Amino acid sequence: MDLLNEAAEKPRDDADVRVGRRVRALRLERSLSLAELAAKAGVSIGALSQIERGLSSLRVKVIWPLAAALDIEPSALIADGKEAGNDLYCVRANSRRQIPVKSEGIAKALLSPPAATLTGMLVTVEAGGGTVEAYAHPGHEFGFVISGEVELVIDSTTYGLKTGDSFAFKSTLLHAFRNLGTECCQILWVNTTKPSEVRDGA
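Definitions and cut-offs
- Residues numbered from 1 in each chain as written.
- Predicted model: local features only at pLDDT ≥ 70, side-chain atom pairs only at ≥ 80, totals over all residues.
- Heavy atoms only, no water.
- Buried < 20%, exposed > 50% of the residue type's maximum accessible area, 1.4 Å probe, protein only.
- Helix = DSSP H or I, 4+ residues; strand = E, 2+ residues; numbered from the N terminus.
- Arc of directions from axis to C-beta.
- Contact = heavy atoms within 4.5 Å.
- Axes fitted to C-alpha atoms, helices over the stretch in contact; angles between N-to-C directions.
- Parallel < 35°, antiparallel > 145°, perpendicular 65-115°, else oblique.
- Left-handed = near helix turned anticlockwise from the far one by under 90°.
- Nonpolar A, V, L, I, M, F, W, Y, C, P; charged D, E, K, R; others polar.
- Pairing = 2+ DSSP bridges.
- Patch = residues over 30% accessible without salt bridge, like charges linked within 9 Å, V, L, I, M, F, W, Y side chains within 5 Å.
- Areas by Shrake-Rupley, 256 points an atom, 1.4 Å probe, with all protein chains shown as cover.
- Salt bridge = Lys/Arg side-chain N within 4 Å of Asp/Glu carboxyl O.
- Phe/Tyr/Trp six-rings, centres within 6.5 Å; stacked < 30°, edge-to-face > 60°.

In this section: helix α3 (residues 34-41). All of the buried residues in α3 are Leu 37, Ala 38 and Ala 41. Axial view of α3: buried residues confined to an arc of 100°, hence all on one face. In this structure, α3 carries Ala 39 and Lys 40 as exposed residues pointing more than 90 degrees from its buried face. On its buried face, α3 sits against α2 (14-29), α4 (45-52) and α5 (60-70). Positive backbone phi, at 75°, marks Gly 42, one or two positions downstream of α3.

Pasting the structure below:
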């Protein structure tokens, strides 16, 4: 590779790199392929790839159709500052996506960015809340009780866990959990499966 080609492969500046990562993160959050988003936005796959890799600036005529294809405001693509929103590698505290659940009294906020191999969640279990029934899915999981208490059932064995306790098991084992206490419980929960596969009763 000669110097001209090598220079052409390098990102132009940090702003283009941040915008490109944001575009890719938004695309992955919506489970769109490069070709699908390019078609929806009316741009070529090559042009979109260049934008995502930070090798090309996001031009004004592309911002509006690309934002419409991603169902967001154009300002979300080009907002200034490193903390403008979620990135390919980071999730801001005020921009967490909720994972749908079937059970009452449980909320799951996605902590991991769209490019992550692991699925990190902040699981909140209200007093009296819990899974409707035991469930299983592919993968492995790990959890750390941040606050409160939770009753965790793994393969028919019941564990009473309190603040500071942790656990890990194969997700293929039937498992369920319930907050039998009087205060809200929060758990840092990590799965090796995708967010769509870790819903209660999945």
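Inspection of the secondary structure assignment puts Ala 136 in the loop between β3 (119-125) and β4 (140-147). Ala 136 sits in the partly exposed class, given a relative accessible area of 27%. Taking the C-alpha atoms as reference points, Ala 136 and Ala 176, separated by 40 residues in sequence, lie 9.0 Å from one another.

Moving on, we come to the packing of α3 against α5. Across the interface, α3 lies against α5 with an axial gap of 8 Å and an inter-helix angle of 120°. Overall, the two elements α3 and α5 adopt an arrangement that is oblique. Taken as a pair, α3 and α5 cross one another with a handedness that is right-handed. Packed against α3, whose contacting residues are Leu 37, Lys 40 and Ala 41, the element α5 presents Pro 65, Leu 66, Ala 69 and Leu 70 at the interface. Residue composition of the contact of α3 with α5, by class: six nonpolar, no polar and one charged.

All right, on to the sheet that holds strand β7 (residues 166-170) then. The strands making up a sheet are joined through hydrogen bonds of the backbone, oriented either antiparallel or parallel. Strand order in the open sheet formed by six strands is β1-β2-β3-β9-β4-β7, with antiparallel pairing between adjacent strands. The sheet terminates laterally at β1 (97-99) and β7, the two strands that pair on one side only. In this sheet, neighbouring strand axes are inclined to one another by 25° on average, regardless of whether the strands run parallel or antiparallel. Where β3 meets strand β9 (residues 185-191), seven bridges bridge the pair, whose relative direction is antiparallel. Each bridged residue has a counterpart across the sheet, and for Gly 120 the counterpart in β9 is Val 190.

It is worth spelling out the packing of α2 against α4 at this point. To characterise two packed helices, one gives the angle between the axes of the helices and the distance between these axes. Axis separation between α2 and α4 bottoms out at 7 Å; the angle between their running directions is 120°. Side by side, α2 and α4 meet where Asp 16, Gly 20, Arg 21, Val 23, Arg 24 and Arg 27 of the first sit next to Leu 48, Ile 51 and Glu 52 of the second.

Let us now look at a nonpolar patch on the surface. Nonpolar side chains collect at one region of the surface, where Phe 142, Phe 144, Ile 146 and Leu 188 lie side by side and expose about 310 Å² of accessible area between them. Position of Phe 142 relative to the elements: it lies in strand β4. On the accessibility criterion, Phe 142 (38% relative accessible area) is partly exposed.

This part is about unusual backbone geometry. At Asp 71, a position not held by glycine, the phi torsion is positive, near 60°. Relative to the helices and strands, Asp 71 resides in the loop between α5 and α6 (75-78). The class of Asp 71 is exposed, set by a relative accessible area of 69%. At Ser 156, a position not held by glycine, the phi torsion is positive, near 75°. Among the structural elements, Ser 156 can be located in the loop between β5 (150-154) and β6 (157-161).

Take the sheet that holds strand β8 (residues 175-178) next. Strand order in the open sheet formed by three strands is β6-β5-β8, with antiparallel pairing between adjacent strands. A single partner strand is all that each edge strand has here, and the edge strands are β6 and β8. Strand after strand, the sheet turns through a mean of 20° between neighbouring axes, direction not considered. Here four bridges tie β5 to β8, and the two strands are oriented antiparallel to one another. Bridged to Val 153 within β8 is Ala 176.

For the rest of this paragraph, the subject is the packing of aromatic side chains. Inspection of the entire model under this criterion finds three aromatic pairs. Here Phe 167 and Trp 189 contribute two aromatic rings whose centre-to-centre distance is 4.9 Å and whose plane-to-plane angle is 70°, an arrangement assigned as edge-to-face. Placement of Phe 167 in strand β7 and of Trp 189 in strand β9 is noted, with a sequence separation of 22 residues between them. Overall, the relative accessible area of 9% leaves Phe 167 in the buried class. We classify Trp 189 as buried; its relative accessible area is 3%. Connected via pairs of aromatic rings, a cluster forms that spans Phe 167, Phe 169, Phe 177 and Trp 189.

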